[in-house]
Every structure is written in structure tokens, then in C-alpha cells.
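Architecture and fold: a report
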Amino acid sequence: MRIEKDFIGEVEIPNDVYYGIHTYRALNNFPSTGEKLNDSFIWALFMIKKAAAILNFELGYLGEKEKNSIVQACDEWEILKDHIVVDPLSGGAGTSINMNINEVIANRATELLGGKYIIHPLDHVNMHQSTNDVFPTAGKIAIIKELRELVDNVIKLQDSIQVKEKEYIKIRKIGRTQLMDAVPILLGQEFGAWADALSRDRWRLYKVEERIRSVNIGGTAIGTGIAAPKEYILKITNKVREITKIGIAKAENLIDATQNLDVFSEVSGLLKSLSVNLIKISNDIRILGSNAVNEIILPKVQAGSSIMPGKVNPVIPEYVIQLSASVISFDNLITYSSSMGNLELNHLTPMIIHYTLKSIDFLKKATYSLKNYIDLIHPNEKKCEENLIKSFTLVTPLIEMFGYDEVSNALKESNFDIEETVKYLAEKKNLKFEEIMNKINSNKAAGLGYRLK
């Protein structure tokens, strides 16, 4: 054990951990919720510390020995991340998480120097920084990184759906509104509508990066840059961009970027929109593949019942629905939290960033799983044709000839049988049966060129 102290008092810290007294107190104050910090966020914070060390050395505020040891410790972030143990939902607007990072880097850097020179978590690692500028900046960098991966997944899912669209473009079936038979549609057209919805999501998420890249690094506590030299404030954004390879830009108003987190709510809203479309697509797949409709054949990915042999359920669409519904709930939390900033700071920043990143992670998993599932779907052409032929709604084009009320009455009189309906109308209107059937079968009438047999 080693003894560490702060203005509150002394504590004993295990020798085998890199964190220090502030982290120790946070672990006692904030029992674990089971939530874990996103890896991209941890990486981003380490890279910010690396960038600050390099810039502070270049500006003459940090010695080469200190800089080199801090940089090496930051480059070991994947090894050291297991020592970042503060709960994501800790109080203090992220201070405990920032201090956890500072302490781990400082102790590892000291170790790299053989313990002969002490690297201080605040005086060296946190030099010219505040939790209030490094934390949201790390959050935005992580979100950009994760969003790019999500967009790639959406593209792959859209591409898979469009492959099915082309494969199924000649398969005619009955369309449905409010779960009831409506008018004919092509199975490929149904898939195409899903693809177009995802295309919008893909574009929205790609474009929002333009607004999330504006960061407040260099603004320190409240955006005024207090306790940081002007040359550092002017150059730190470029240095972080150089290290992370993420195209961030210095906010025009650092005070605004420190206290107002509406851009996170904007990102979350777009993630919610993607969730809405994923739920819609997943439910459509469940319906089309159900025993009652059976127009697509769903892949058998696992046994569906512990009591009914041979039963297979649409477990992947159900998985996607659960993750997407969670993202919709997270959006409410993020929106509320973004509105709760008081004066110069939003104390709920950790929760906002955590659940934005968690939403992206959920949707990455959902889109990946759904893409692989859709790849294995097959059409049931026989059932598509059967359902179409049996649907009395094929008489819809006859409204042009006879009017809505007349066709409705004919359907009722013929017990909703298509041929009997046509016979009834032919007899009543003194027309030929074939003439009316041609109206139903015409390209204009059916909309798809489908011919009744």
C-alpha cells in the first residue's frame, strides 16, 4: 500500500493500481452502476492529454523528460484503460473521470522514469486544461469516430436491402394498409422503400459531423481560457486534430461551446430517427415472414422454443427492435439532460456523452445483425401469388368504371368473390365479363401488369 493525501486527508492506495486518491474517493462516493466508459471516449481523452503535453513542451511549459513520459503513457492507453474505473455516471461534471485519467497517466509516466522523477497529475498531465473543456471535446471526438462506423454499417445494410430489391423486383404480391389487403405491389418495391428510408438516415448522420466537430478545448473552466496562455488556447485544437486525425475545429465562441450542449441532442435525435426506421423494417420483416402472411422465408438462426420442437422465431428483428427502442428512450434522457445546463456549465455532461455513445453502439450492433439476417432472407413467390389472387381488393380499378358505392355493393352481393363480383356488374350494367376483367388486368388498373388467371 502507498499513502496519498489531498486537502481532505490521507488514504491508503494499493500498490498495483495506477490511479490515485481522487479516483479512490470517487469509487467510494459513486458505487458502480455497471455502466462502462466507451473505449473511443477513453482513447480520445488519452489523446487530448498527449496533445497537451506535446504542445506545452513546444511552448516551453513542460520539460522534454516530462513530455516524453506522458506521451508514452498515453500511447499505452489500451493497456491502461483497465485502470480507468470511475463510473460513467459519477457526479462532478466529469471531474472524477478526468482525474482518473490524469492519475493513471501520471503514475505510469513516473514509473517509466524509474520513479526518480515524479509526474504530477495536475501540474504536468492536466496543465492548461479543465475537465470542462477536455471532457466535452473528448466526447465529440469519440462520437465522430463512432458515428463514422455507424454510417458504414448503415451503408452496408442499405446495400443488402437494395440487392434484395433488385432480386425481387418482378415478384408481385398484395400490398397492405393497416394490416389489411390493399392494392398490388412488388416485393422488390417493399424492400426499396426500406432502402430509401435508410438512405436518409445515412445522409443525416454523415452531415451532422459538421456541427459536432466544433469543440471548446482551450476554454478551460467556463470558456474564457482562464489559467491557460493565449498561445496554448490558439494552438491546442490543431494539435488535438493532428494527434487524433479527427477533423475538429475550434468553436467560434468557447463560452457557448462550454455551456450549451444542444448539438448532442441533435445527434441523439438523428439516432432516434434511425431507430424508428429500424423498428419499422424489423416489424415488416416479422409480419411478412409470419405464418399468417408467409411471403418471405426467414432464416433459421436458432431454435425458437424450449417446449415446441421445430419452432423458429424472428429473433434478430426482435433484437433490433429492443436495441432501437432503447435508443429512443436514451434520446429522451439526452434531450432532458441537455436542457439542464445551468449558467456556464452543464453538470450532466457525463450522462449526455455516455448515452449518446451507448446509442451509437446499440445501433452499430443492430444494423450489423440486421444486415446479416436480411442477406439470408428468401422470397416465397408461390405464397405471394396466392395471396394476391385471393385478394378481393383487385377490383379497386373498377371504381373508374362504376363508382365506389356500386363496386362496394357488388362485392357485398357476391360475398367478396372477384369473379362473382365481375359477373354481377356485367349483368347489371349489361357489359361483357371479359371487358370488365380486362380493366382489372390492364397495366394501368393493376399498376403492375399482373394478370389474373
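A few words on the side chain of S96. Assignment of secondary structure puts S96 in helix α5 (residues 95-112). Setting aside residues no more than four positions away along its own chain, S96 makes contact with H22, A26, F30, V86, S90 and G91.

What follows is about the confidence of the model for the protein. Mean pLDDT over the protein works out to 92, with 97% of the residues at or above the 70 mark. With pLDDT under 50 throughout, residues 449-453 is counted as low confidence; its partners more than four residues away or in other chains account for 17 contacts.

A few words on the packing of helix α2 (residues 39-58) against helix α7 (residues 131-167). Two elements in contact, α2 and α7, have axes separated by 8 Å at closest approach and are oriented at 125°. As far as their axial angle goes, α7 and α2 are oblique. Between α2 and α7 lies a crossing of right-handed hand. Along its contact with α2, which presents S40, F41, W43, A44, L45, I48 and K49, the element α7 presents V134, F135, T137, A138, G139, I141, A142, K145 and E146.

Here the focus is the packing of aromatic side chains. Considering all chains together, one arrives at six aromatic pairs under this definition. Ring geometry for F330 against Y355: centres 5.0 Å apart, planes inclined by 45°, an arrangement best described as tilted. Taken together, the positions of F330 in helix α13 (residues 315-338) and Y355 in helix α14 (residues 349-375) put the pair 25 residues apart, joining distant regions of the chain. What makes Y355 buried here is its relative accessible area of 11%. Plain terms: the ring middles of F330 and F362 are 5.7 Å apart, the flat faces sit at 50° to each other, and that makes the pair tilted. Taken together, the residues span a long stretch of sequence, with F330 in helix α13 and F362 in helix α14 at a distance of 32 residues. Each member of the pair F330 and F362 is classed as buried. Positioned above the aromatic ring of F57 is the side chain of K67, whose terminal nitrogen or guanidinium carbon lies 4.6 Å from the ring centre. Against the face of W43 rests K145, its NZ or CZ located 5.7 Å from the ring centre.

Each value, and the rule that gives it
Residues numbered from 1 in each chain as written. Predicted model: local features only at pLDDT ≥ 70, side-chain atom pairs only at ≥ 80, totals over all residues. Heavy atoms only, no water. Helix = DSSP H or I, 4+ residues; strand = E, 2+ residues; numbered from the N terminus. Contact = heavy atoms within 4.5 Å. pLDDT = per-residue confidence, 0-100. Axes fitted to C-alpha atoms, helices over the stretch in contact; angles between N-to-C directions. Parallel < 35°, antiparallel > 145°, perpendicular 65-115°, else oblique. Left-handed = near helix turned anticlockwise from the far one by under 90°. Phe/Tyr/Trp six-rings, centres within 6.5 Å; stacked < 30°, edge-to-face > 60°. Buried < 20%, exposed > 50% of the residue type's maximum accessible area, 1.4 Å probe, protein only. Lys NZ or Arg CZ within 6 Å of the ring centre and 35° of its normal.

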